[in-house]
Amino acid sequence: MNPKRVEHIGIAVRNLEKSLNFYQNVLGLEFLKQEIVESQGVKIAFLKVGESKIELLEPLNADSTIAKFIEKNGEGIHHFAVLVDSIEDKVRVMQAQGAKMIGDKPSEGADGMKIIFVHPKTTNGVLLELCEPLAKEEK
Ligand code: ZN
């Protein structure tokens, strides 16, 4: 029921290729994959850091929440995500304790995950993502 680990840290970037150069070639993280999530207006690259990942998010258009984030705050850490067994159960338990979610139910995110965001009002100002693999392959 409780989160198992930090699944990834999401970083908003203006240019995925340029950012990948640093994280992949300079820092030396292993590149996993790149994908486009049209519904969220983002192009995403995943890099591996041990059991966790770095998620680089580049906006596809000006309406993307990532575009708005960068406009307001500049590039930087956008959210972090923890892995849970059952997102619905976890949301129910958290809401019962007063936690506020963004949106009323989980949606399909990148990387084959079911996701929901917890409102920063609940989390001391940090955007927190809960995620659960759609296909169960993790222990
Ligand atoms: Zn994420």
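Residues numbered from 1 in each chain as written. Predicted model: local features only at pLDDT ≥ 70, side-chain atom pairs only at ≥ 80, totals over all residues. Heavy atoms only, no water.

- Under the annotation held in an unreviewed UniProt entry, the chain carries the name Methylmalonyl-CoA epimerase and is attributed to Halanaerobium congolense.
- Here the chain is described in UniProt, under the heading Sequence similarities (unreviewed entry), as follows: "Belongs to the methylmalonyl-CoA epimerase family." (UniProt positions renumbered as here; feature names shortened; annotations may be inferred.)

**Overview of the overall build of the chain**
Point 1. When you go through the chain residue by residue, the secondary structure sums to three helices and eight strands.
Point 2. Its C-alpha atoms give the chain a radius of gyration of 15 Å, near enough to 14 Å, the size a compact globule of 139 residues would have.
Point 3. Referenced to the eigenvectors of the C-alpha coordinate spread, the extents of the chain come out at roughly 45 × 35 × 25 Å.
Point 4. Looking at the chain as a whole, 43% of its 139 residues qualify as buried. (Helix = DSSP H or I, 4+ residues; strand = E, 2+ residues; numbered from the N terminus. Rg over C-alpha atoms; globule rule 2.2 N^0.38 Å. Buried < 20%, exposed > 50% of the residue type's maximum accessible area, 1.4 Å probe, protein only.)

**Quick notes on the layout of surface pockets**
To locate leftover empty space, one rolls a probe as large as a water molecule over the atoms.
Point 1. By volume, the largest pocket is sized at about 630 Å³.
Point 2. In terms of lining, the largest pocket is formed by 31 residues, of which the most central are Gln-40, Thr-65, His-78, Phe-117 and Leu-127.
Point 3. Of all elements in the fold, only strand S1 (6-12), strand S3 (42-49), strand S4 (52-59), helix H2 (65-73), strand S5 (76-83), strand S6 (101-108) and strand S7 (113-118) reach the threshold of two or more residues within the lining of the largest pocket.
Point 4. Grouping the constituent residues of the lining of the largest pocket by class yields 15 nonpolar, nine polar and seven charged. (1 Å grid on protein atoms, 1.4 Å probe; cavity = no way out; pocket = protein on both sides within 12 Å on 5 of 7 lines; lining within 4 Å. Points joined across faces, edges and corners; volume = space filled by probe spheres on them. Nonpolar A, V, L, I, M, F, W, Y, C, P; charged D, E, K, R; others polar.)

**Some thoughts on a nonpolar patch on the surface**
Point 1. Judged by side-chain polarity, Val-6, Ile-9 and Ile-77 come together as a nonpolar surface patch covering roughly 240 Å² of accessible area.
Point 2. Looking at the secondary structure, you find Ile-77 in strand S5.
Point 3. By relative accessible area, Ile-77 is classed as exposed at 61%. (Patch = residues over 30% accessible without salt bridge, like charges linked within 9 Å, V, L, I, M, F, W, Y side chains within 5 Å. Areas by Shrake-Rupley, 256 points an atom, 1.4 Å probe, with all protein chains shown as cover. Salt bridge = Lys/Arg side-chain N within 4 Å of Asp/Glu carboxyl O.)

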